[in-house]
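Structural characterization, general
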Amino acid sequence: MTKVLDVTYTPQLDYAAAWDLQKARASQIDQGQSNEALMLLQHPPTYTMGSQRHPEHLLLDERELKERGITLFEIDRGGDITYHGPGQLVGYPLLLLEGGKQLDLHGYLRSLEQVIMDYLEQFGIQSNRKPEYTGVWVGDAKICAIGVKFNKARQHRGFITSHGFALNIKDQVKQEGFAGIVPCGIQQYGITSLEECIGGEIDMEEAAREITACFTRVFPYEAKLPPDWS
C-alpha cells in the first residue's frame, strides 16, 4: 500500500520555526501520530553551519552579518556551512526509513539528488554528481546543496529523516548570500542557479509543485497536496 506524504509550501518561514516544526513532526511520525511529510519553503537570509563545524568558512564577522540581515545557526545536520535565502527552494523530507541494519542511508542521499536531477532535466539541463561531495552540479557549479540528519526512531527499527535539499532557483541567491562563505567548505568550484542556467524566470511555487511530482516518482508516496494546489 502506497504511503501518504503531506506536502506543504510556505513562501517564507524563519529558520528557527522550520527547525522546530521538523523536530516536532519527526517525533509525531515516530509515534504514528501523523503522515510522513515534505516541507517546501523559502527562508529569510540565513547561514547554517552543520556538524563539520568549520567557522573559518564563514567570511563575515558579527557586525557584517547584522548589517546584511543574515542570521547564523549551528545545527544538527551533516555537512559544512551553507546559505538559505529568498529565491532558493528548500525541501525538508520527513520520512520514516525502516530496515534495521540493511537500511541504505547513502542510497537515500543519492535518491534526493536524483529528484533534483530529474527536475532539472525538464529544462534540458544536464546535471551531475561529484563522487567526493553530496549535492547536484551543473558542470563545475553547484546548484543544489544537500545535508540531512537521520533521527533514530524509538518505535521503529530505522530512522526519521530531517533537513534536506536547497535548490538555487533565482540568480539573486548566488549574488546575495554565498559571497560571505566558503559554501560547504568547497573552494575550487562555483555556485549557479536555475535561472542562470536557462536565461529566464521561474515561479517559486510552480517549482515547488514540479519538485513534488519528481519527488513522488523517486520515492513511493502518494502526495497529499496543499488545498490551493488541487
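What counts, and at which threshold
Residues numbered from 1 in each chain as written. Predicted model: local features only at pLDDT ≥ 70, side-chain atom pairs only at ≥ 80, totals over all residues. Heavy atoms only, no water. Buried < 20%, exposed > 50% of the residue type's maximum accessible area, 1.4 Å probe, protein only. Helix = DSSP H or I, 4+ residues; strand = E, 2+ residues; numbered from the N terminus. Pairing = 2+ DSSP bridges. Axes fitted to C-alpha atoms, helices over the stretch in contact; angles between N-to-C directions. Polar contact = N/O pair within 3.5 Å; in protein donor to acceptor, adjacent residues only side chain to side chain. Contact = heavy atoms within 4.5 Å. Core = buried A, V, L, I, M, F, W, Y, C linked by side-chain atoms within 4.5 Å.

Another point: the pairing of strand S9 (residues 141-152). Where burial is concerned, most of S9 is hidden: nine out of the twelve residues are buried. In this structure, strand S8 (residues 136-138) lies alongside S9, joined through three bridges in antiparallel fashion. When the bridges of S9 are listed, Val136 appears paired with Cys144. The antiparallel hairpin formed by S8 and S9 contains two residues in its connecting segment, where Gly139 sits at a positive phi of about 65°. Pairing geometry for S9 and strand S11 (residues 190-191), over two bridges, is parallel. For Ala141, the partnering residue across the bridge sits in S11 and is Gly190.

Backbone hydrogen bonds are what pair the strands of a sheet, in a parallel or an antiparallel way. In space, the three strands of this open sheet follow the order S4-S3-S5, with mixed pairing throughout. Edge positions in the sheet fall to strand S4 (71-74) and strand S5 (81-84), since each of these pairs with one other strand and no more. Going across the sheet, the axis of each strand differs from the next one's by a mean of 20°, ignoring polarity. Sheet analysis places strand S3 (residues 46-49) next to S4, joined by four bridges and oriented parallel. Opposite Thr46, over in S4, you have Thr71 as the bridge partner.

Let us look at unusual backbone geometry. Leaving glycine aside, a negative phi is the common case for residues, and trans is the common case for peptide bonds. The backbone phi angle of His163 is positive, close to 60°, even though this residue is not glycine. Considering the arrangement of structural elements, one finds His163 in strand S10 (residues 158-168).

Moving on to the side chain of His84. Tracing the sequence through the fold places His84 in strand S5. For His84, a relative accessible area of 6% translates into the label buried. Reaching out from His84, the side chain makes a polar contact with the side chain of Gln88 at a distance of 2.8 Å. Once you skip the residues sitting within four places of it in the chain, His84 turns out to touch Tyr15, His43, Pro44, Pro45, Thr46, Thr48, Val90 and Ala166.

This next bit is on the nonpolar core. Residues Leu40, Leu89, Tyr119, Ile169 and Ile211 are the most contacted members of the largest nonpolar core, which totals 37 residues. Residue assignment for this core shows that the elements contributing at least two residues are strand S1 (3-10), strand S2 (36-41), helix H3 (105-121), S9, S10 and helix H6 (204-218). With eight residues, H3 is the single largest residue contributor to this core. When residues no more than four places from it in sequence are discounted, the contact partners of Ile211 are Leu40, Leu89, Val115, Ile116, Tyr119, Phe165 and Leu167. Formed by 18 residues, the second largest nonpolar core is a distinct cluster that contains Met39, Val90, Tyr92 and Ala153.

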